[in-house]
Amino acid sequence: MKGLSNDLAAAIKKYKSIMIVVKGSPDPDAIASSYALSAICHRLDTASSILITKKLSLPENKAFVGILKIPISFAQPDKDREKFDAYMIADYQSPSIPAVTGALPCAAYIDHHESSDEEIQADFILKDPEAGATSSLVALLIKDLSPPLEDTVMSSVATALLYGIYTDTDKYSHASSIDYAALDYISKFADNALFRKISSIPLSKTTLQMLNSAINNKVLYKDWLITGIGYIDSSHRDSIAIVADFLLKRENVPAVVVFAAVENNAQKSLTLDASFRSNSEHMNLNEIIKKITSQGGARKYKGAYQIDLDYFSPCPDRKMLWDVIELTTMELIKQSRDDMYITELRGFYKRFRNKVRDYFNQ
Ligand SMILES: [Mn+2]
(Lines give C-alpha, C1' and ligand atoms only; values in the text may rest on other atoms or scores of the structure.)
Protein backbone atom coordinates (compact mmCIF):
# COMPACT_ATOMS: atom_id res chain seq x y z
CA MET A 1 0.00 0.00 0.00
CA LYS A 2 2.99 2.32 0.55
CA GLY A 3 3.19 3.22 -3.13
CA LEU A 4 -0.56 3.85 -3.26
CA SER A 5 -0.46 6.12 -0.21
CA ASN A 6 2.30 8.17 -1.82
CA ASP A 7 0.29 8.37 -5.06
CA LEU A 8 -2.79 9.57 -3.17
CA ALA A 9 -0.75 12.20 -1.33
CA ALA A 10 0.77 13.40 -4.61
CA ALA A 11 -2.69 13.64 -6.21
CA ILE A 12 -4.06 15.71 -3.31
CA LYS A 13 -1.03 18.00 -3.12
CA LYS A 14 -1.61 19.10 -6.72
CA TYR A 15 -4.62 21.14 -5.54
CA LYS A 16 -5.35 23.98 -3.12
CA SER A 17 -8.96 23.21 -2.38
CA ILE A 18 -10.92 20.01 -2.97
CA MET A 19 -14.60 19.27 -2.60
CA ILE A 20 -15.31 15.79 -1.35
CA VAL A 21 -18.70 14.79 -2.67
CA VAL A 22 -20.87 12.10 -1.09
CA LYS A 23 -22.90 10.84 -4.03
CA GLY A 24 -26.08 8.92 -3.39
CA SER A 25 -27.33 8.20 0.07
CA PRO A 26 -24.97 9.44 2.79
CA ASP A 27 -24.32 6.14 4.55
CA PRO A 28 -21.66 5.62 7.23
CA ASP A 29 -19.16 4.05 4.81
CA ALA A 30 -19.36 6.99 2.39
CA ILE A 31 -19.29 9.58 5.18
CA ALA A 32 -16.43 7.91 7.07
CA SER A 33 -14.32 7.54 3.90
CA SER A 34 -14.96 11.18 2.98
CA TYR A 35 -14.17 12.31 6.52
CA ALA A 36 -10.87 10.41 6.47
CA LEU A 37 -10.01 11.88 3.07
CA SER A 38 -10.67 15.39 4.43
CA ALA A 39 -8.29 14.64 7.33
CA ILE A 40 -5.64 13.52 4.82
CA CYS A 41 -6.17 16.76 2.84
CA HIS A 42 -5.77 18.81 6.00
CA ARG A 43 -2.54 17.00 6.87
CA LEU A 44 -1.21 17.80 3.40
CA ASP A 45 -2.25 21.49 3.64
CA THR A 46 -4.99 21.19 1.04
CA ALA A 47 -8.33 22.74 2.01
CA SER A 48 -11.42 20.56 1.65
CA SER A 49 -15.15 20.44 2.32
CA ILE A 50 -17.46 17.44 2.47
CA LEU A 51 -20.69 17.97 0.54
CA ILE A 52 -23.64 15.62 0.82
CA THR A 53 -26.18 15.73 -1.99
CA LYS A 54 -28.94 13.98 -0.04
CA LYS A 55 -29.98 14.81 3.50
CA LEU A 56 -29.31 12.42 6.36
CA SER A 57 -32.44 10.52 7.28
CA LEU A 58 -31.66 7.56 9.52
CA PRO A 59 -31.39 8.56 13.20
CA GLU A 60 -28.31 6.35 13.65
CA ASN A 61 -26.55 8.13 10.78
CA LYS A 62 -27.43 11.49 12.28
CA ALA A 63 -26.08 10.30 15.63
CA PHE A 64 -22.90 9.04 13.93
CA VAL A 65 -22.21 12.44 12.33
CA GLY A 66 -23.24 14.35 15.47
CA ILE A 67 -21.23 12.34 17.99
CA LEU A 68 -18.02 12.43 15.93
CA LYS A 69 -18.70 16.06 14.90
CA ILE A 70 -18.06 15.25 11.24
CA PRO A 71 -18.20 18.50 9.28
CA ILE A 72 -20.57 17.88 6.37
CA SER A 73 -22.82 20.28 4.56
CA PHE A 74 -25.83 19.71 2.36
CA ALA A 75 -25.13 21.36 -0.98
CA GLN A 76 -25.28 20.98 -4.73
CA PRO A 77 -21.76 20.38 -6.08
CA ASP A 78 -22.43 22.13 -9.41
CA LYS A 79 -23.40 25.36 -7.59
CA ASP A 80 -20.32 25.23 -5.36
CA ARG A 81 -17.74 24.20 -7.90
CA GLU A 82 -16.24 27.68 -8.27
CA LYS A 83 -14.91 27.49 -4.71
CA PHE A 84 -12.74 24.46 -5.47
CA ASP A 85 -10.09 23.42 -7.95
CA ALA A 86 -10.75 19.67 -7.81
CA TYR A 87 -13.17 17.10 -6.44
CA MET A 88 -12.98 13.62 -4.89
CA ILE A 89 -15.44 10.75 -4.63
CA ALA A 90 -15.46 7.82 -2.24
CA ASP A 91 -17.85 4.87 -2.10
CA TYR A 92 -19.91 5.24 -5.25
CA GLN A 93 -20.04 3.18 -8.47
CA SER A 94 -19.15 6.11 -10.65
CA PRO A 95 -17.00 9.19 -9.98
CA SER A 96 -18.74 11.48 -12.44
CA ILE A 97 -20.89 14.40 -11.27
CA PRO A 98 -23.12 16.27 -13.74
CA ALA A 99 -21.83 19.77 -14.45
CA VAL A 100 -18.75 19.18 -12.32
CA THR A 101 -16.90 16.42 -14.17
CA GLY A 102 -15.17 18.14 -17.05
CA ALA A 103 -15.20 21.50 -15.26
CA LEU A 104 -13.05 20.25 -12.36
CA PRO A 105 -10.47 17.46 -12.33
CA CYS A 106 -11.15 14.42 -10.12
CA ALA A 107 -8.21 14.23 -7.70
CA ALA A 108 -9.12 10.84 -6.26
CA TYR A 109 -11.72 8.13 -6.65
CA ILE A 110 -11.82 5.31 -4.09
CA ASP A 111 -14.51 2.66 -4.14
CA HIS A 112 -15.41 -0.98 -3.56
CA HIS A 113 -18.41 -1.45 -5.86
CA GLU A 114 -18.20 -3.66 -8.94
CA SER A 115 -16.75 -1.78 -11.90
CA SER A 116 -19.08 -0.05 -14.29
CA ASP A 117 -18.33 0.21 -18.03
CA GLU A 118 -17.69 3.90 -17.69
CA GLU A 119 -14.17 5.08 -18.41
CA ILE A 120 -12.79 6.53 -15.19
CA GLN A 121 -10.57 9.56 -15.16
CA ALA A 122 -8.93 10.66 -11.94
CA ASP A 123 -5.43 11.47 -10.73
CA PHE A 124 -5.70 8.63 -8.23
CA ILE A 125 -7.96 5.59 -8.59
CA LEU A 126 -8.38 2.76 -6.12
CA LYS A 127 -11.25 0.43 -6.88
CA ASP A 128 -11.34 -2.97 -5.22
CA PRO A 129 -14.58 -4.97 -5.01
CA GLU A 130 -12.82 -7.41 -2.67
CA ALA A 131 -13.10 -4.84 0.11
CA GLY A 132 -16.30 -5.03 2.15
CA ALA A 133 -16.15 -1.29 2.72
CA THR A 134 -14.50 1.72 1.11
CA SER A 135 -13.54 2.69 4.67
CA SER A 136 -11.19 -0.33 4.71
CA LEU A 137 -9.35 0.89 1.61
CA VAL A 138 -9.03 4.38 3.07
CA ALA A 139 -7.85 2.98 6.41
CA LEU A 140 -5.06 1.05 4.67
CA LEU A 141 -4.06 4.17 2.73
CA ILE A 142 -3.83 6.08 6.03
CA LYS A 143 -1.70 3.31 7.52
CA ASP A 144 1.15 4.07 5.12
CA LEU A 145 0.56 7.79 4.85
CA SER A 146 3.56 10.05 5.22
CA PRO A 147 3.35 12.27 7.17
CA PRO A 148 0.97 10.25 9.38
CA LEU A 149 -2.27 11.77 10.75
CA GLU A 150 -1.95 13.42 14.17
CA ASP A 151 -3.10 11.29 17.13
CA THR A 152 -6.04 13.52 18.05
CA VAL A 153 -7.46 13.43 14.53
CA MET A 154 -6.62 9.76 14.18
CA SER A 155 -8.88 8.70 17.04
CA SER A 156 -11.93 10.35 15.54
CA VAL A 157 -11.13 9.24 11.97
CA ALA A 158 -10.46 5.66 13.10
CA THR A 159 -13.75 5.53 15.01
CA ALA A 160 -15.61 6.75 11.93
CA LEU A 161 -13.86 4.25 9.63
CA LEU A 162 -14.55 1.47 12.10
CA TYR A 163 -18.24 2.29 11.99
CA GLY A 164 -18.12 2.48 8.18
CA ILE A 165 -16.64 -1.02 8.02
CA TYR A 166 -18.99 -2.27 10.73
CA THR A 167 -22.12 -1.20 8.87
CA ASP A 168 -21.01 -2.04 5.33
CA THR A 169 -19.85 -5.55 6.22
CA ASP A 170 -23.06 -6.21 8.13
CA LYS A 171 -21.39 -6.15 11.50
CA TYR A 172 -18.25 -7.77 10.07
CA SER A 173 -20.11 -10.87 8.86
CA HIS A 174 -19.07 -10.21 5.24
CA ALA A 175 -15.66 -8.82 6.06
CA SER A 176 -12.86 -9.86 3.70
CA SER A 177 -9.16 -10.08 4.41
CA ILE A 178 -8.84 -6.45 3.30
CA ASP A 179 -11.42 -5.38 5.89
CA TYR A 180 -9.73 -7.40 8.60
CA ALA A 181 -6.39 -5.83 7.71
CA ALA A 182 -7.98 -2.40 8.01
CA LEU A 183 -9.74 -3.30 11.28
CA ASP A 184 -6.54 -4.68 12.76
CA TYR A 185 -4.90 -1.37 12.07
CA ILE A 186 -7.59 1.16 13.00
CA SER A 187 -9.24 -0.56 15.98
CA LYS A 188 -6.29 0.32 18.22
CA PHE A 189 -6.80 4.03 17.50
CA ALA A 190 -10.59 4.02 17.69
CA ASP A 191 -12.41 5.36 20.71
CA ASN A 192 -14.30 2.28 21.93
CA ALA A 193 -16.65 4.23 24.16
CA LEU A 194 -17.67 6.50 21.28
CA PHE A 195 -17.97 3.55 18.95
CA ARG A 196 -20.29 1.80 21.39
CA LYS A 197 -22.28 4.97 21.73
CA ILE A 198 -22.68 5.19 17.96
CA SER A 199 -23.31 1.55 17.24
CA SER A 200 -25.18 1.10 20.54
CA ILE A 201 -24.81 -2.63 20.01
CA PRO A 202 -23.16 -3.50 23.35
CA LEU A 203 -25.75 -1.29 24.99
CA SER A 204 -28.70 -3.15 23.56
CA LYS A 205 -30.80 -4.84 26.19
CA THR A 206 -30.24 -8.32 24.75
CA THR A 207 -26.47 -7.96 24.57
CA LEU A 208 -26.40 -6.72 28.16
CA GLN A 209 -28.49 -9.71 29.24
CA MET A 210 -26.11 -12.01 27.38
CA LEU A 211 -23.15 -10.31 29.00
CA ASN A 212 -24.77 -10.74 32.38
CA SER A 213 -25.31 -14.49 31.77
CA ALA A 214 -21.74 -14.79 30.50
CA ILE A 215 -20.38 -13.22 33.68
CA ASN A 216 -22.62 -15.35 35.94
CA ASN A 217 -21.65 -18.60 34.19
CA LYS A 218 -17.95 -17.93 33.71
CA VAL A 219 -15.43 -20.61 34.57
CA LEU A 220 -11.76 -19.84 34.90
CA TYR A 221 -9.80 -22.84 33.71
CA LYS A 222 -6.06 -22.30 34.18
CA ASP A 223 -5.81 -18.82 32.62
CA TRP A 224 -8.71 -19.12 30.17
CA LEU A 225 -12.14 -17.69 30.78
CA ILE A 226 -14.83 -20.01 29.39
CA THR A 227 -18.53 -19.26 29.56
CA GLY A 228 -21.81 -20.56 28.14
CA ILE A 229 -24.70 -18.16 27.69
CA GLY A 230 -27.53 -20.66 27.08
CA TYR A 231 -30.13 -20.39 24.32
CA ILE A 232 -30.26 -17.26 22.20
CA ASP A 233 -32.24 -16.26 19.13
CA SER A 234 -30.29 -16.33 15.86
CA SER A 235 -30.89 -12.58 15.39
CA HIS A 236 -28.53 -12.05 18.35
CA ARG A 237 -25.78 -14.32 17.10
CA ASP A 238 -23.38 -11.39 16.54
CA SER A 239 -23.61 -10.49 20.21
CA ILE A 240 -21.66 -13.62 21.17
CA ALA A 241 -18.55 -12.07 19.62
CA ILE A 242 -19.32 -8.70 21.19
CA VAL A 243 -19.61 -10.35 24.63
CA ALA A 244 -16.31 -12.17 24.02
CA ASP A 245 -14.62 -8.91 23.00
CA PHE A 246 -15.99 -7.20 26.08
CA LEU A 247 -14.86 -9.94 28.48
CA LEU A 248 -11.36 -10.03 27.00
CA LYS A 249 -11.00 -6.31 27.68
CA ARG A 250 -12.62 -6.44 31.11
CA GLU A 251 -11.09 -9.58 32.60
CA ASN A 252 -7.38 -9.92 32.93
CA VAL A 253 -6.97 -13.16 30.97
CA PRO A 254 -5.08 -14.08 27.78
CA ALA A 255 -8.03 -15.93 26.24
CA VAL A 256 -11.82 -15.94 26.35
CA VAL A 257 -14.29 -18.43 24.90
CA VAL A 258 -18.00 -17.59 24.82
CA PHE A 259 -20.55 -20.07 23.49
CA ALA A 260 -24.31 -20.29 23.09
CA ALA A 261 -27.01 -22.50 21.61
CA VAL A 262 -28.35 -20.43 18.72
CA GLU A 263 -31.97 -21.06 17.78
CA ASN A 264 -33.80 -20.08 14.64
CA ASN A 265 -37.45 -20.86 15.28
CA ALA A 266 -38.58 -20.15 11.73
CA GLN A 267 -36.07 -22.59 10.29
CA LYS A 268 -36.20 -24.88 13.31
CA SER A 269 -32.44 -24.93 13.46
CA LEU A 270 -30.14 -25.24 16.43
CA THR A 271 -26.42 -24.50 16.33
CA LEU A 272 -23.67 -24.30 18.89
CA ASP A 273 -21.71 -21.10 18.29
CA ALA A 274 -18.41 -20.54 20.06
CA SER A 275 -16.35 -17.39 19.84
CA PHE A 276 -12.65 -17.30 20.78
CA ARG A 277 -10.70 -14.19 21.67
CA SER A 278 -7.06 -13.86 22.62
CA ASN A 279 -4.87 -10.87 23.32
CA SER A 280 -1.73 -12.67 22.17
CA GLU A 281 -0.82 -12.81 18.51
CA HIS A 282 1.23 -15.92 19.26
CA MET A 283 -1.74 -17.97 20.40
CA ASN A 284 -2.59 -20.14 17.41
CA LEU A 285 -6.38 -20.02 17.68
CA ASN A 286 -6.81 -21.53 14.26
CA GLU A 287 -4.94 -24.68 15.19
CA ILE A 288 -6.76 -24.85 18.53
CA ILE A 289 -10.15 -24.63 16.82
CA LYS A 290 -9.28 -27.00 13.99
CA LYS A 291 -8.45 -29.64 16.60
CA ILE A 292 -12.00 -29.33 17.95
CA THR A 293 -13.81 -29.19 14.60
CA SER A 294 -13.30 -28.38 10.95
CA GLN A 295 -16.41 -26.16 11.14
CA GLY A 296 -14.55 -23.05 12.13
CA GLY A 297 -11.29 -21.21 12.07
CA ALA A 298 -9.47 -18.19 13.23
CA ARG A 299 -7.10 -15.45 12.38
CA LYS A 300 -4.95 -13.55 14.84
CA TYR A 301 -6.82 -12.76 18.07
CA LYS A 302 -10.23 -13.97 16.88
CA GLY A 303 -11.81 -17.26 16.01
CA ALA A 304 -15.11 -19.10 16.02
CA TYR A 305 -16.74 -22.40 15.31
CA GLN A 306 -20.25 -23.69 14.75
CA ILE A 307 -21.68 -27.13 15.35
CA ASP A 308 -24.97 -28.13 13.76
CA LEU A 309 -27.33 -29.44 16.48
CA ASP A 310 -30.53 -29.60 14.41
CA TYR A 311 -31.02 -33.24 15.29
CA PHE A 312 -31.39 -32.33 18.97
CA SER A 313 -33.78 -29.41 18.52
CA PRO A 314 -36.93 -31.54 19.16
CA CYS A 315 -35.53 -32.58 22.57
CA PRO A 316 -38.43 -31.92 25.01
CA ASP A 317 -36.18 -31.11 27.96
CA ARG A 318 -34.42 -27.89 26.99
CA LYS A 319 -32.58 -27.57 30.27
CA MET A 320 -31.16 -31.04 30.00
CA LEU A 321 -30.13 -30.40 26.40
CA TRP A 322 -28.32 -27.20 27.38
CA ASP A 323 -26.59 -29.03 30.25
CA VAL A 324 -25.25 -31.57 27.75
CA ILE A 325 -24.15 -28.87 25.31
CA GLU A 326 -22.47 -26.88 28.07
CA LEU A 327 -20.76 -29.84 29.71
CA THR A 328 -19.43 -31.15 26.40
CA THR A 329 -18.23 -27.77 25.16
CA MET A 330 -16.57 -26.94 28.48
CA GLU A 331 -14.78 -30.28 28.39
CA LEU A 332 -13.53 -29.82 24.81
CA ILE A 333 -12.27 -26.32 25.48
CA LYS A 334 -10.54 -27.36 28.69
CA GLN A 335 -8.79 -30.11 26.72
CA SER A 336 -7.73 -27.48 24.17
CA ARG A 337 -6.21 -25.45 26.97
CA ASP A 338 -4.37 -28.53 28.27
CA ASP A 339 -3.04 -29.30 24.78
CA MET A 340 -2.13 -25.71 23.99
CA TYR A 341 1.55 -25.86 24.84
CA ILE A 342 1.90 -29.13 22.99
CA THR A 343 0.33 -27.44 19.95
CA GLU A 344 2.59 -24.41 20.28
CA LEU A 345 5.69 -26.55 20.89
CA ARG A 346 4.95 -28.66 17.84
CA GLY A 347 4.83 -25.47 15.80
CA PHE A 348 8.10 -24.34 17.28
CA TYR A 349 9.90 -27.61 16.50
CA LYS A 350 8.51 -27.62 12.99
CA ARG A 351 9.93 -24.12 12.38
CA PHE A 352 13.20 -25.11 14.03
CA ARG A 353 13.49 -28.29 11.96
CA ASN A 354 12.80 -26.36 8.75
CA LYS A 355 15.46 -23.82 9.65
CA VAL A 356 18.04 -26.55 10.25
CA ARG A 357 17.07 -28.24 7.01
CA ASP A 358 17.28 -24.97 5.07
CA TYR A 359 20.70 -24.38 6.58
CA PHE A 360 22.09 -27.71 5.40
CA ASN A 361 20.44 -27.40 2.00
CA GLN A 362 22.11 -24.10 1.24
MN1 LIG B 1 -19.66 1.16 0.82
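Since this is a predicted model, take the numbers as computed values, not measurements.

Student: Before we go on, may I ask you to explain the sheet that holds strand β6 (residues 124-127) in this structure?
Tutor: To summarise the sheet geometry, strands pair through backbone hydrogen bonds and adopt either a parallel or an antiparallel arrangement. Here we have 6 strands laid out as an open sheet, ordered β3-β2-β1-β4-β5-β6, and parallel in their pairing. In the strand order of this sheet, the two ends are held by β3 (72-74) and β6, each with one partner. Strand-to-strand twist across the sheet, computed as the mean angle between neighbouring axes with direction ignored, equals 20°. Examined bridge by bridge, strand β1 (residues 17-22) and strand β4 (residues 86-90) share 4 bridges and lie parallel to one another. When the bridges of β4 are listed, I18 appears paired with A86. With respect to the sheet, helix α1 (residues 2-13) is in contact with β1, β5 (106-111) and β6, its orientation differing from that of β5 by roughly 145°. Against the sheet, helix α5 (residues 134-143) contacts β4, β5 and β6, and its axis sits at roughly 120° relative to β5.

Student: What is the right way to read the domain arrangement of the protein chain from this model?
Tutor: Interfaces are often sized by the accessible area lost when the parts come together. Under the domain assignment, the protein chain is made up of domain 1 (2-195) and domain 2 (205-348). Taking only C-alpha atoms, the centre of domain 1 and the centre of domain 2 are 36 Å apart.

Student: I'm lost on the nonpolar core in this one. Help?
Tutor: When a protein is soluble and globular, its nonpolar side chains tend to lie buried together. Counting 64 residues, the largest nonpolar core has I18, A36, Y87, A107 and L161 as the members making the most contacts within it. Considering each element in turn, this core owes the most residues, 9 residues, to helix α2 (residues 28-43). Beyond its immediate sequence surroundings of up to four residues, I18 is in contact with I12, C41, T46, S48, F84, A86, Y87, M88 and A107. One finds A214, I229, I240 and F276 within the second-largest nonpolar core, a separate group that totals 33 residues.

Student: When you look at helix α7 (residues 177-186) in this model, what are you seeing that I'm missing?
Tutor: Every α-helix winds through 3.6 residues per turn, so residues three or four apart in the chain are directed the same way. Of all the residues in α7, the buried ones are D179, A182, L183 and I186. For α7, the angular spread of buried residues about the axis comes to 100°, placing them on one side. In this structure, the buried residues of α7 make contact with α5 and α6 (151-168).

Student: Please clarify how the environment of S187 should be interpreted in this entry.
Tutor: Structurally, the position occupied by S187 is in the loop between α7 and α8 (192-199). According to the C-beta neighbour criterion, S187 is partly exposed, with 18 such atoms within 10 Å. Note: C-alpha distance between S187 and S155 (32 residues apart in sequence) is 9.3 Å.

The rules behind the values
Residues numbered from 1 in each chain as written. Predicted model: local features only at pLDDT ≥ 70, side-chain atom pairs only at ≥ 80, totals over all residues. Pairing = 2+ DSSP bridges. Helix = DSSP H or I, 4+ residues; strand = E, 2+ residues; numbered from the N terminus. Axes fitted to C-alpha atoms, helices over the stretch in contact; angles between N-to-C directions. Contact = placed C-beta atoms within 7 Å. Domains from an automatic or database assignment. Core = buried A, V, L, I, M, F, W, Y, C linked by C-beta atoms within 7 Å. Buried ≥ 20, exposed ≤ 12 C-beta atoms within 10 Å, placed from the backbone. Arc of directions from axis to C-beta.

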